[in-house]
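An overview of the molecular structure
So you can see what is in the structure, the chains are spelled out below.
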Amino acid sequence: MSVFTTVTREQLDGWLHHFPIGELVSLEGIPAGIENTNYFVTTAQGRYVLTLFEKLTARELPFYLNLQDHLARNGIPCPRPVPDRAGSFLGELNGKPAALVGFLAGKDITAPSPAQCAQAGALLAGIHAAGESYAGRMDNPRGPKWWTAVTPEVTPFIGGEDAALLRNEIIFQARHRFDRLPLGAIHADFFRDNVLFENGCVSGVIDFYFACTDALLYDVAIAVNDWCAGEGGALDDGRAAALVEAYGKTRPFTAAERGAWPAMLRAGALRFWVSRLYDFYLPRPGELTHAKDPGHFREILANHVARGDAMPRLP
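Since the model is a prediction, treat every value here as computed from it, not as a measurement. (Residues numbered from 1 in each chain as written. Predicted model: local features only at pLDDT ≥ 70, side-chain atom pairs only at ≥ 80, totals over all residues. Heavy atoms only, no water.)

Considering the overall build of the protein
Just so we agree on the cut-off: Only DSSP runs of H or I reaching four residues or more are called helices, and only runs of E reaching two or more are called strands; each is numbered from the N terminus. The globule rule used for comparison is 2.2 Å times the number of residues to the exponent 0.38, while the radius of gyration itself is calculated over C-alpha atoms. Only heavy atoms matter for contacts: two residues are in contact if any of them lie within 4.5 Å across the pair. Note on areas: Shrake-Rupley, 1.4 Å probe, and residue coverage restricted to the protein chains presented here.
The secondary structure content of the protein amounts to 9 helices and 9 strands. The C-alpha radius of gyration of the protein comes to 20 Å, within 12% of the 20 Å expected for a compact globule of 315 residues. Expressed as lengths along the three principal axes of its C-alpha atoms, the size of the protein is roughly 55 × 45 × 35 Å. At a minimum sequence separation of 6, the contacts of the protein that also span at least 24 residues come to 73%. In the structure as shown, the protein presents an accessible area of about 13,700 Å², 53% of it carried by carbon and sulfur atoms.

With respect to the pattern of salt bridges
Where side chains of opposite charge bring their charged atoms close, a pairing between them can arise. How we decide: Salt bridge, as used here: a side-chain nitrogen of Lys or Arg that lies within 4 Å of a carboxyl oxygen of Asp or Glu. For each residue, the accessible area found with a 1.4 Å probe, counting protein chains only, is set against the maximum for its type, and the residue is called buried under 20%, exposed over 50%, and partly exposed in between.
Overall, the coordinates contain 13 salt bridges when judged by the stated rule. Salt-bridge contacts for Arg 47 lead to Glu 28; the nearest nitrogen and oxygen are separated by 4.0 Å. With Arg 47 in strand E3 (residues 46–52) and Glu 28 in strand E1 (residues 24–29), the pair connects residues that are 19 residues apart, well separated along the chain. A relative accessible area of 44% means that Glu 28 is categorised as partly exposed. A salt bridge links Arg 298 to Glu 161, with the shortest nitrogen-to-oxygen separation between them at 3.5 Å. Here Arg 298 is found in helix H9 (residues 295–307), whereas its partner Glu 161 is found in helix H5 (residues 160–174), with 137 residues between them in sequence. Taking relative accessible area as the criterion, Glu 161 reaches 63% and is therefore assigned exposed.

Observations regarding the packing of aromatic side chains
As a reminder of what qualifies: Centres within 6.5 Å make a pair out of two Phe, Tyr or Trp rings, where for Trp the six-membered ring is used; the pair is then stacked when the planes are under 30 degrees apart, edge-to-face when over 60, and tilted otherwise. Both a distance and an angle decide whether a charge sits over a ring: NZ of Lys or CZ of Arg must be within 6 Å of the ring centre and within 35 degrees of the ring normal.
Applying the stated rule across the entire model yields 15 aromatic pairs. Between Trp 15 and Phe 19 the ring centres are 4.8 Å apart and the planes differ by 50°, which places this aromatic pair in the tilted class. The two residues Trp 15 and Phe 19 agree in class, both being buried. The rings of Phe 53, Phe 63, Tyr 64, Tyr 134 and Tyr 209 are connected pair by pair, giving a single aromatic cluster. The ring of Phe 210 has Arg 271 lying over it, and the distance from NZ or CZ to the ring centre is 4.9 Å. The ring of Phe 272 has Arg 271 lying over it, and the distance from NZ or CZ to the ring centre is 3.9 Å.

A few points about the pairing of E3
To keep things clear, this is the line we draw: In short, DSSP must find at least two bridges between two strands for them to pair.
Here E3 lies mainly inside the structure; 5 of its 7 residues are buried. Pairing analysis gives 7 bridges linking strand E2 (residues 37–43) to E3, with the strands arranged antiparallel. Each residue of the ladder has a partner; that of Val 41, found in E3, is Tyr 48. Linkage of E2 to E3, two consecutive antiparallel strands, is achieved through a turn of 2 residues. As paired strands, E3 and strand E5 (residues 96–102) are joined by 5 bridges and run antiparallel to one another. From the neighbouring strand, Leu 52 faces E5, where its bridge partner is Ala 98.

Concerning the packing of H5 against H9
We count it as follows: Axis geometry follows a simple rule: fit a line to the C-alpha atoms, using only the stretch in contact for helices, then measure angles between N-to-C directions, giving values from 0 to 180 degrees. Working definition: roughly parallel below 35 degrees, roughly antiparallel above 145 degrees, roughly perpendicular at 65 to 115 degrees, and oblique for all remaining angles. For any helix crossing, the convention is left-handed if the near helix is rotated counterclockwise from the far helix by under a right angle, and right-handed if that rotation is clockwise. Note that Gly is not counted as nonpolar here; it falls among the polar residues with everything else outside the nonpolar set of Ala, Val, Leu, Ile, Met, Phe, Trp, Tyr, Cys and Pro and the charged set of Asp, Glu, Lys and Arg.
In contact at an axis separation of 11 Å, H5 and H9 are set at 60° when each is read in the N-to-C sense. Our classification of the angle between H5 and H9 gives oblique. The two elements H5 and H9 cross, and the hand of that crossing is left-handed. In this structure, H5 uses Glu 161, Asp 162, Leu 165 and Glu 169 to contact H9, whose residues at the interface are Arg 298, Leu 301, Ala 302 and Val 305. Taken together, the residues of the contact of H5 with H9 sort by class into 4 nonpolar, no polar and 4 charged.

Some thoughts on helix H3 (residues 114–131)
Put simply, the test is: Multiplying one less than the number of residues by 1.5 Å gives the expected span of a helix.
The terminal C-alpha atoms of H3, which comprises 18 residues, lie 26 Å apart, in line with the 26 Å expected from a rise of 1.5 Å per residue. Among all positions of H3, only Gln 116, Cys 117, Ala 120, Gly 121, Leu 123, Leu 124, Ala 125, Gly 126, Ile 127, His 128, Ala 130 and Gly 131 are buried. Packed against the buried residues of H3 are helix H2 (61–73), strand E6 (183–186), strand E7 (195–198), strand E8 (201–205), helix H6 (216–227) and helix H7 (237–250).

Here it is, written out as structure tokens:
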């Protein structure tokens, strides 16, 4: 993620004495994303990722860290938090909550094939299945309450047509309730850049710091919107079918989920359009920061609205 809080080698060296992982070898800022400060950390015993949390509080963070630990112990290839000598996953560095997790090999892909979308769908279903036994609960911090609250802040920055699309979609979503759909721990940011591949196979999933308790179908919609959107925001039906069919082999969809699917795809697009508008027009100062294009999810949402109920169906 972007580097908002600078950490020197000397500061990190002192902090790492709380961990049984050997002496510090190198420290490198990670210039991607917009939420937290991340560094690659190499010690005498291996490679790790250090995260300083810029928004999440020490009270909130156990949900995320314990979820990653739970998933890793249940066979999901995700970064496992490293406990300090006292057994805690969470510390403090430069006045910010901080955690160290294991490094996962592999690279993300920018143009996934249907086969890679299928692997992503199977991995997401595995996360949901493993999450069934996770006791932690966290309300979605970027659900309907959030996007309704921040929309007045971003509307002045966009044109009349986009403002109308945004207002109309919020009204549309307010008419749909998803509380009867299967719920559980979701990743909530299952994008291509958070899934790693090595030698043609999925090697890991990272960045669980938007995870929450919400409709499992919402997670699927977020994934399809990112993995399967083509030029101009239109869904590639072949890739979408590959992803949801692979997912359904592990966790079959319910009749209620099939009925909610078109509206849920729109909800996933709305959430990230509003997020990107907010980050683009109301950014925080920081080093190496960059905001992603809000227009991409505007196009996805507009395509979903135009297509109506004629979406790729769930198996």
